[in-house]
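Fold and geometry: a report
One letter stands for each residue in the lines below.
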Amino acid sequence: MMTEDDGVHPCAGHVHDDIGIGFHRCSRNGSYHEEGKWWCKSHAPSEVKKRDDAREKAWEKERKEDKAKWKRHDAALELCEGVETKTLKKLGRGWLSKHLKRKGKR
Ligand SMILES: [Zn+2]
(Lines give C-alpha, C1' and ligand atoms only; values in the text may rest on other atoms or scores of the structure.)
Protein backbone atom coordinates (compact mmCIF):
# COMPACT_ATOMS: atom_id res chain seq x y z
CA MET A 1 0.00 0.00 0.00
CA MET A 2 2.69 2.47 1.01
CA THR A 3 4.76 2.64 -2.12
CA GLU A 4 6.38 5.63 -3.72
CA ASP A 5 4.20 5.12 -6.76
CA ASP A 6 0.81 5.90 -5.35
CA GLY A 7 2.05 9.07 -3.69
CA VAL A 8 1.89 7.73 -0.15
CA HIS A 9 5.05 8.10 1.89
CA PRO A 10 5.59 6.98 5.44
CA CYS A 11 6.76 9.77 7.73
CA ALA A 12 10.49 9.65 8.57
CA GLY A 13 9.81 10.89 12.08
CA HIS A 14 9.86 8.88 15.25
CA VAL A 15 7.39 8.94 18.10
CA HIS A 16 7.34 7.61 21.62
CA ASP A 17 5.42 4.40 21.99
CA ASP A 18 2.29 4.38 24.10
CA ILE A 19 4.04 3.53 27.33
CA GLY A 20 6.87 5.96 26.68
CA ILE A 21 9.68 3.44 26.78
CA GLY A 22 10.94 3.59 23.26
CA PHE A 23 10.67 5.20 19.89
CA HIS A 24 9.08 3.76 16.85
CA ARG A 25 8.57 4.97 13.37
CA CYS A 26 5.78 7.44 12.93
CA SER A 27 2.91 5.64 11.23
CA ARG A 28 1.42 8.68 9.60
CA ASN A 29 1.75 9.47 5.95
CA GLY A 30 4.29 12.04 4.96
CA SER A 31 2.77 14.95 3.14
CA TYR A 32 5.78 17.25 3.55
CA HIS A 33 8.93 16.64 1.54
CA GLU A 34 11.83 18.30 3.29
CA GLU A 35 15.54 17.55 3.58
CA GLY A 36 15.13 14.64 1.20
CA LYS A 37 12.61 12.84 3.38
CA TRP A 38 8.88 12.65 3.80
CA TRP A 39 7.27 13.88 6.98
CA CYS A 40 3.81 14.13 8.42
CA LYS A 41 2.61 17.50 9.60
CA SER A 42 3.91 17.09 13.12
CA HIS A 43 7.37 15.87 12.14
CA ALA A 44 8.23 18.07 9.18
CA PRO A 45 11.37 20.04 10.11
CA SER A 46 9.70 23.29 9.14
CA GLU A 47 6.68 22.48 11.31
CA VAL A 48 8.90 21.43 14.22
CA LYS A 49 10.75 24.71 13.91
CA LYS A 50 7.47 26.60 13.84
CA ARG A 51 6.43 24.92 17.07
CA ASP A 52 9.83 25.59 18.64
CA ASP A 53 9.60 29.24 17.68
CA ALA A 54 6.11 29.45 19.13
CA ARG A 55 7.31 27.86 22.35
CA GLU A 56 10.25 30.25 22.46
CA LYS A 57 7.89 33.18 22.00
CA ALA A 58 5.63 31.93 24.76
CA TRP A 59 8.65 31.64 27.03
CA GLU A 60 9.79 35.11 26.17
CA LYS A 61 6.36 36.45 27.02
CA GLU A 62 6.31 34.57 30.30
CA ARG A 63 9.73 35.89 31.24
CA LYS A 64 8.64 39.44 30.50
CA GLU A 65 5.49 39.01 32.55
CA ASP A 66 7.54 37.55 35.36
CA LYS A 67 9.90 40.50 35.29
CA ALA A 68 6.98 42.91 35.41
CA LYS A 69 5.50 40.98 38.28
CA TRP A 70 8.72 41.23 40.30
CA LYS A 71 9.03 44.89 39.50
CA ARG A 72 5.54 45.41 40.92
CA HIS A 73 6.49 43.28 43.87
CA ASP A 74 9.56 45.40 44.57
CA ALA A 75 7.57 48.58 44.18
CA ALA A 76 4.99 47.24 46.59
CA LEU A 77 7.66 46.46 49.15
CA GLU A 78 9.14 49.90 48.78
CA LEU A 79 5.75 51.52 49.05
CA CYS A 80 4.81 49.59 52.15
CA GLU A 81 8.09 50.02 53.94
CA GLY A 82 7.60 51.27 57.44
CA VAL A 83 3.85 50.90 57.23
CA GLU A 84 2.34 48.63 59.79
CA THR A 85 0.76 45.43 58.53
CA LYS A 86 -2.35 46.39 60.44
CA THR A 87 -2.57 49.62 58.52
CA LEU A 88 -1.91 47.91 55.21
CA LYS A 89 -4.65 45.42 55.88
CA LYS A 90 -7.02 48.23 56.64
CA LEU A 91 -6.10 50.02 53.43
CA GLY A 92 -6.61 46.86 51.47
CA ARG A 93 -5.33 45.64 48.12
CA GLY A 94 -7.25 48.21 46.14
CA TRP A 95 -5.20 50.97 47.66
CA LEU A 96 -1.97 49.20 46.85
CA SER A 97 -2.76 48.49 43.23
CA LYS A 98 -3.93 52.06 42.74
CA HIS A 99 -0.66 53.38 44.03
CA LEU A 100 1.38 50.90 42.06
CA LYS A 101 -0.39 51.87 38.89
CA ARG A 102 0.42 55.50 39.52
CA LYS A 103 4.01 54.60 40.32
CA GLY A 104 4.31 52.61 37.11
CA LYS A 105 3.43 55.65 35.00
CA ARG A 106 6.27 57.66 36.38
ZN1 LIG B 1 5.32 11.78 11.64
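The number of helices and strands found in the protein is two helices and four strands. Taken from the N to the C terminus, the helices and strands of the protein come in the order β-β-β-β-α-α. Split into buried and exposed, the 106 residues of the protein put 8% on the buried side. Nonlocal contacts in the protein, meaning residues at least 24 apart in sequence, comprise 26% of its contacts between residues at least 6 apart.

With that settled, consider unusual backbone geometry. Positive phi, close to 50°, is recorded for Glu 35, a residue that is not glycine. One can find Glu 35 in the loop between strand 3 (32–34) and strand 4 (37–39).

What follows deals with the confidence of the model for the protein. Confidence along the protein averages 86 in pLDDT terms, with 90% of residues attaining 70 or more. Ranking the helices and strands of the protein by mean pLDDT puts strand 4 first, with 96, and helix 2 (residues 85–105) last, with 78.

The rules behind these values
- Residues numbered from 1 in each chain as written.
- Predicted model: local features only at pLDDT ≥ 70, side-chain atom pairs only at ≥ 80, totals over all residues.
- Helix = DSSP H or I, 4+ residues; strand = E, 2+ residues; numbered from the N terminus.
- Buried ≥ 20, exposed ≤ 12 C-beta atoms within 10 Å, placed from the backbone.
- Contact = placed C-beta atoms within 7 Å.
- pLDDT = per-residue confidence, 0-100.

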